[in-house]
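Okay, here's what each chain looks like letter by letter:
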Amino acid sequence: MSDPGIVVIGAGQAGGWAARTLRDEGFEGGIVVIGEEPYPPYERPPLSKEVLLGKEPAESSYLWPEGSFDELGIELRTGVEATAIERAGKTVALSGGGTVAYDKLLIATGGRVRKLPIEGEELEGVHYLRGIDDSAAIRADLGEGAQLVVIGGGWIGLEVAAAARMLGADVVVVEALEQLCGRALTSDLAAYLLDVHRGRGVDIRLGTTVEALTGESRVSGARLSGGKTVPATAAVIGIGIVPNVELAKAAGLEVDNGIKVDALCRTSDPNIFAAGDVTNHPNGLLGRNIRLESWENAQNQGIAAAKAMLGGESPYCEIPWFWSDQYDVNIQLVGLPTDFEETVTRGDRADGSFVEFYMKGGRIDGAAAINNPRDIRFAKRLMQAEKIVDPAALADPSVKLQALLRG
Ligand SMILES: Cc1cc2nc3c(=O)[nH]c(=O)nc-3n(C[C@H](O)[C@H](O)[C@H](O)COP(=O)(O)OP(=O)(O)OC[C@H]3O[C@@H](n4cnc5c(N)ncnc54)[C@H](O)[C@@H]3O)c2cc1C
């Protein structure tokens, strides 16, 4: 019997990158990646953008062409769920019976959609969006005459709303809070996004909830708080995700809004690591623990975990970055600003391209940009360098941010 090597639970973005990095870093032992979905590792962002719009096939979201793991000598077991971790014997139990032994284990189980427990949630035409099949099912319901109700005015809901409008559907977005994207955006920026959607003809109801989805076997309407029912041929519920921590918890690992890991992605068991949406990890630059649901974190923490599993000692520490595309509007955020003192705006909102910098103690604590990816890149570098910057210079588009880096 060959020596147990490294086992990865979760063939998503973090798990996929970790497995690949192990080989890139020269690890020659066995690597087994267990994924419950029937697909090779893929990226999810296109599922609410290009793939939902039908501009790209689902396969375009695969991290690498099918068969790449075979070539790298990585055993990919798709359609298999890891059902338990037995830490004493260092094995993982699999659905369908059988176990796989590990020397080191990576948990990259991501998250699953948060369910909305309302009447009618099980009706045909009611969707959540996490995977390839969900995206295809939503797309199939966005044909001619579609009337879509989106529950939740967060990133997923708004991207779906944008795609649906672009495909010609009538769209109502129902959001419980008084602003879009809750905690992620300032009220100012949320108001800008609201105008973007309303300007494209989306009917957005803030401070409103869906009390029930109605219909016989298929959804035909959504009953809103206040009593009115809006017609619907389909509904998409986008109210967040729940980290898949159950395996870790049952194995006795420390869990608290995600699997607790240190800066080397180690859980409370030195042979078990975790990466991606499922982790609650320290961020030295922010000085606190965070759990992120972001593409960049999934990839880079996956890579960092692989290196740490091979004995690397570089802590994983990056300023969070996130983006969203809605119509022709690209939104990018850096940092997780909390109690900033001042907002500095660069550029003109009316032009549809501007940046907001959130300042604390003379430094940039975070920034958000509409259609200005370049300035966001420099904002991130200014944050990394912990530069004290003059707000007047930041606000002046004729001053290049690059120059502030040198200053
Ligand atoms: C529609 C959509 C759009 C997005 N858009 C953006 C965006 O624009 N920008 C951005 O920054 N982020 C975006 N994200 C978030 C980003 O995709 C996630 O942060 C990222 O996918 C997390 O990767 P992960 O590997 O941690 O988890 P996941 O991608 O969730 O992968 C985890 C995998 O583990 C599998 N798994 C779980 N439990 C088990 C088990 N017991 N056994 C076997 N397999 C298991 C799951 O089935 C899944 O395949 C988007 C997400 C979605 C759903």
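Residues numbered from 1 in each chain as written. Predicted model: local features only at pLDDT ≥ 70, side-chain atom pairs only at ≥ 80, totals over all residues. Heavy atoms only, no water.

## What about the sheet that holds strand β14 (residues 221-224)?
Moving on, step 1. Taken in spatial order, the 3 strands line up as β13-β14-β15 in an open sheet, and their pairing is antiparallel. For this open sheet the edge positions go to β13 (210-214) and β15 (229-231), each flanked by a neighbour on one side alone. Across the sheet, the axes of successive neighbouring strands diverge by a mean angle of 25°, strand direction being ignored.
Moving on, step 2. Here β13 runs beside β14; their pairing, made up of 4 bridges, is antiparallel. By the bridge assignment, V210 is partnered in β14 with L224. (Pairing = 2+ DSSP bridges. Helix = DSSP H or I, 4+ residues; strand = E, 2+ residues; numbered from the N terminus. Axes fitted to C-alpha atoms, helices over the stretch in contact; angles between N-to-C directions.)

## A word on the site of the ligand
Moving on, step 1. Near the ligand you find 34 residues, and of these E37, R44, K49, R130 and D277 are the closest.
Moving on, step 2. A distance of 2.6 Å separates an oxygen atom of the ligand from a polar atom in the side chain of K49.
Moving on, step 3. Here the ligand, which alone exposes 1000 Å², has 95% of that area covered by the protein.
Moving on, step 4. Elements with a contribution of two residues or more to the shell around the ligand: α1 (13-24), β2 (31-35), α5 (155-166), α8 (295-309) and β22 (321-326).
Moving on, step 5. When its residues are assigned to classes, the shell around the ligand shows 14 nonpolar, 11 polar and 9 charged.
Moving on, step 6. Each of domain 1 (6-112 + 241-309) and domain 2 (126-237) contributes no fewer than three residues to the shell around the ligand. (Near = heavy atom within 4 Å. Polar contact = N/O pair within 3.5 Å; in protein donor to acceptor, adjacent residues only side chain to side chain. Areas by Shrake-Rupley, 256 points an atom, 1.4 Å probe, with all protein chains shown as cover. Nonpolar A, V, L, I, M, F, W, Y, C, P; charged D, E, K, R; others polar. Domains from an automatic or database assignment.)

## Considering the domain arrangement of the protein chain
The parts lose accessible area when they come together, and the size of an interface is often stated as this lost area.
Moving on, step 1. Segmenting the protein chain into domains produces domain 1 (6-112 + 241-309), domain 2 (126-237) and domain 3 (328-406).
Moving on, step 2. The distance between the C-alpha centroids of domain 2 and domain 3 comes to 30 Å.
Moving on, step 3. With 10 residues of domain 2 in contact, the opposing surface of domain 3 contributes 12 residues.
Moving on, step 4. Summing the contributions of domain 2 and of domain 3, the shared interface buries around 890 Å²; its carbon and sulfur component is 69%.
Moving on, step 5. Counting every contact that joins domain 2 to domain 3 gives 2 salt bridges.
Moving on, step 6. A salt bridge links R349 to D188, with the shortest nitrogen-to-oxygen separation between them at 3.1 Å.
Moving on, step 7. Summed over the shared surface of domain 2 and domain 3, the number is 3 residue pairs in polar contact (both at pLDDT 80 or more).
Moving on, step 8. Tallying contributions element by element places helix α6 (residues 187-199) first for the side of domain 2 that touches domain 3, with 5 residues.
Moving on, step 9. Class assignment of the residues belonging to the side of domain 2 that touches domain 3 gives a composition of 7 nonpolar, 1 polar and 2 charged. (Contact = heavy atoms within 4.5 Å. Buried area = accessible area lost by both parts, 1.4 Å probe. Salt bridge = Lys/Arg side-chain N within 4 Å of Asp/Glu carboxyl O.)

## A short note on unusual backbone geometry
Across the chain, the bulk of peptide bonds are trans and the bulk of non-glycine residues have phi less than zero.
Moving on, step 1. Positive phi is not limited to glycine here, since C181 has a value of about 50°.
Moving on, step 2. Checked against the element boundaries, C181 lands in the loop between β11 (170-174) and α6.
Moving on, step 3. For Y327, which is not a glycine, the phi torsion comes out positive at approximately 55°.
Moving on, step 4. Looking at the element boundaries, Y327 is found in the loop between β22 and β23 (329-334).
Moving on, step 5. On the basis of relative accessibility, which here comes to 15%, the residue Y327 falls in the buried class. (Buried < 20%, exposed > 50% of the residue type's maximum accessible area, 1.4 Å probe, protein only.)

## Examining helix α4 (residues 132-140)
Moving on, step 1. For α4, the full list of buried residues reads I132, S135 and I138. Within α4, the buried residues cover an arc of 130° as seen down the axis, which keeps them to one side.
Moving on, step 2. Here the buried face of α4 lies against α2 (50-53), β9 (126-128) and β16 (234-237). (Arc of directions from axis to C-beta.)

## Notes on α1
Moving on, step 1. The first and last C-alpha atoms of α1 sit 16 Å apart over 12 residues, in line with the 16 Å expected at 1.5 Å per residue.
Moving on, step 2. Burial runs high along α1: 10 of the 12 residues are buried.
Moving on, step 3. By the burial criterion, the buried members of α1 are Q13, A14, G15, G16, W17, A18, A19, T21, L22 and R23.
Moving on, step 4. Against the buried residues of α1 lie β1 (6-9), β2, α3 (68-71), β3 (74-78), β7 (104-107) and α8.
Moving on, step 5. Just beyond α1, the residue with positive phi is G26, at close to 95°. (Expected span 1.5 Å × (residues − 1).)

## Details of the sheet that holds strand β18 (residues 259-260)
Moving on, step 1. Here we have 3 strands laid out as an open sheet, ordered β18-β20-β21, and mixed in their pairing. Each of the sheet's edge strands pairs with one partner strand only, and the pair in question is β18 and β21 (288-290).
Moving on, step 2. Sheet analysis places β18 next to strand β20 (residues 279-283), joined by 2 bridges and oriented parallel. If you follow K260 over to β20, its bridge partner there is N280.

## As for the pairing of β16
Along any regular strand the residues' side chains alternate between the sheet's two faces.
Moving on, step 1. Where burial is concerned, the two faces of β16 agree: the one with A234 and V236 and the one with A235 and I237 are both buried.
Moving on, step 2. When β9 meets β16, the two strands line up parallel, connected through 3 bridges. From the neighbouring strand, Y128 faces β16, where its bridge partner is I237.
Moving on, step 3. When strand β10 (residues 147-151) meets β16, the two strands line up parallel, connected through 4 bridges. Bridge pairing in β16 links L148 to A234.

## Topic: the pairing of strand β26 (residues 363-370)
Moving on, step 1. In terms of residue burial, β26 counts as a mostly covered element, since 7 of its 8 residues are buried.
Moving on, step 2. Note that β23 and β26 share 4 bridges and pair antiparallel. The partner of I331 across the bridge, within β26, is I370.
Moving on, step 3. For strand β25 (residues 353-360) and β26, the ladder comprises 7 bridges, and the chain directions are antiparallel. By the bridge assignment for β26, M359 is matched with I364.
Moving on, step 4. Here β25 folds back onto β26 in antiparallel fashion, the turn holding 2 residues, of which G361 has a positive phi close to 60°.

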